[in-house]
Amino acid sequence: MKPLNYAIMKYVDSVTEASAEDVIKALSPEYGRYRMLRPDAVEEALMVAKANALLDESRFELGENGELRVFYKVNEYGHYMIEKFIRD
Amino acid sequence: MDKIAVALKRQAESYFMRKGVIIAILSGVTYGFYTAFLTLGDARGVWADWYGAKTTFIALLILSAMSSATNDCLSGIWSIVNLIIKGEAGDFFRTLKTRPGIMMCLCAVIGGPVASTCYVVALQMGGSVIVPIASLNAVFGALIGHFAFRQHLDRNMIIGIFICLFSATVIGGTSFARISVEAGIGCLVALICALGWGIEGAVGGFGTALIDYQIGIAIRQCTAGFVNLVILVPVLCAFTPDPDLQTGNLFVNAFGTPVVIFFAISGLFSAVSYAFWYKGNSMCGAALGMVCNGSYAFWGPFCCWVIIGLIAGDEGYSLGIVQWLAALVMVYGIAMVGGLNPLEVFRNKGGEAKQ
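The structure displayed is predicted, hence computed values, not measured ones.

Draft legend 1. View of the state of the cysteines. Residues and elements named next belong to chain B. By the definition in use, this model includes 0 disulfides over all chains. Looking at Cys 118, it has no disulfide partner, and the nearest cysteine sulfur is the one in Cys 193, 6.4 Å off. According to the relative accessible area criterion, Cys 118 is buried, its value standing at 13%.

Right, here's the structure in full:
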């Protein structure tokens, strides 16, 4: 089992694009008991990764309940850094 | 619907930016409280006796390393307790074994024992003239962030950093009267310290993009405390025959007498301060994060005045008008680095929605 933040980065790196909701859905079975696997905390983790140039935003939309959903994808530099720093 | 999405998106972005700046400034405020309680602890109990009686260069080095060791160890314990409460202590050990975890340990050693010892040595050799040189850490942090981690850096930001540096120099009441060869060497040592803190800020900030910042900080404080206590202090103690200044005696007295309470409090503030420093740097980039944190140049004397001067009643900690004015200049410098209107950062949500 990886630390939660590593799992988030690895997951986003493994798909074309992902929102915080997608991350939570994908990681809930293994990390469901983590307090940091909340929508706001995961969104912030993704925004921090974006601020550090690891991710780009691919698009955004409104969800069914009128909430904002931002999708992120890993860029070339991010992929290189994730591969380099986070080993399986 | 698109318009609502765009508005929400803009709101989320400005909330993130504002939160980053506030966290980075809070890192400066808590650093001020950490400094105040550490200074208070150093002036009480067994520490007052030590600092009163042992005035040689090596004694001051040992005492300052021991003081940091006590603070960092207790700070590490606080950080681990925080992780246990959150149920994430397992991630601490899992992260420790990975590359970013090891990177965090290296950061802790460079920014902790290495840079802090350089700072004390420089201060002893050069006096207060070295303080602004050590503050150059923000410049190094910004440059490393720019060249190693692709962070934005432009002319205005560099001017802003130097404005902050200038205000920090004024607040510190730097005296340039004591210029000598020894002071010159002190300045060079201070430069190593600035580079150490610059590396720590930029690399630690980037590290928290991969590691949860609370885990990152637990690693930082535990490593710094361990290296200070188990390596630095014993090595320094080997240079003096003084029986009072031996690791065992220092340890028993520092941790086993009531004065430890001040270090427990300073340790708590330093845990929060470093956590917010890394977190702020990861949210705003090293340049803006580090100048916001650099506001400790003001918060340090301010908190010393409140805690030691007003509450504990010791004399000599009041702030003059020049220091208050310099603090305002610093706010302007920070705003320049962030490309911000300082008033907008603190504007409430309602005000922003009207924009």
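Draft legend 2. Quick look at the confidence of the model for chain B. Residues and elements named next belong to chain B. Overall, the prediction assigns chain B a mean pLDDT of 87, with 94% of residues at 70 or greater. The weakest mean pLDDT in chain B belongs to helix H17 (residues 349-353) at 39; the strongest belongs to helix H10 (residues 213-237) at 95. Low pLDDT, under 50, characterises residues 348-355; the stretch is placed with 8 contacts to residues that sit more than four places away or in other chains.

Draft legend 3. Highlighting the pattern of salt bridges. Tallying each qualifying case throughout the model produces 15 salt bridges over all chains. The partner of B:Asp242 in a salt bridge is B:Lys54, with the nearest N and O atoms 2.9 Å apart. Residue B:Asp242 is located in the loop between H10 and helix H11 (247-256), and its partner B:Lys54 is located in the loop between helix H2 (45-53) and helix H3 (57-86); the two are separated by 188 residues in the primary sequence. Taking the relative accessible area as the measure of exposure, B:Asp242 reaches 19% and is therefore buried. Salt bridges sharing partners connect three or more residues here, namely A:Glu17, A:Glu21, A:Arg59, A:Glu61 and A:Arg69.

Draft legend 4. Focus on the environment of B:Ile199. Residues and elements named next belong to chain B. Structurally, the position occupied by Ile 199 is in helix H9 (residues 181-210). A relative accessible area of 26% places Ile 199 in the partly exposed class. The spatial distance from the C-alpha of Ile 199 to the C-alpha of Leu 143 is 9.6 Å, given a sequence separation of 56 residues. Ignoring sequence-local partners within four residues, the contact set of Ile 199 consists of Cys 107, Ile 110, Ile 144 and Gly 204.

Cut-offs and rules
- In this convention, every chain numbers its residues from 1, walking through the sequence in written order.
- Labels follow written order: the first chain is A, the first ligand is 1, and so on.
- It should be noted that, the model being predicted, local features are given only for residues of pLDDT at least 70 and side-chain atom pairs only at 80 or more, the latter also being counted only at that level, while totals for whole chains, interfaces and linings use all residues.
- The side-chain figures draw on all heavy atoms in the structure; neither hydrogens nor water molecules are used.
- Pairs of cysteine sulfur atoms within 2.5 Å are what we label disulfides.
- Only protein chains enter the calculation, and the probe is 1.4 Å; a residue is then buried if its accessible area is under 20% of its type maximum, exposed if over 50%, and partly exposed in between.
- Confidence of the prediction at every residue is given by pLDDT, a number between 0 and 100.
- Starting at the N terminus, helices and strands are each numbered in turn, a helix being any DSSP run of H or I of at least four residues and a strand any DSSP run of E of at least two.
- We call two residues contacting when some pair of their heavy atoms lies within 4.5 Å.
- Each reported salt bridge corresponds to a side-chain nitrogen of Lys or Arg within 4 Å of a carboxyl oxygen of Asp or Glu.

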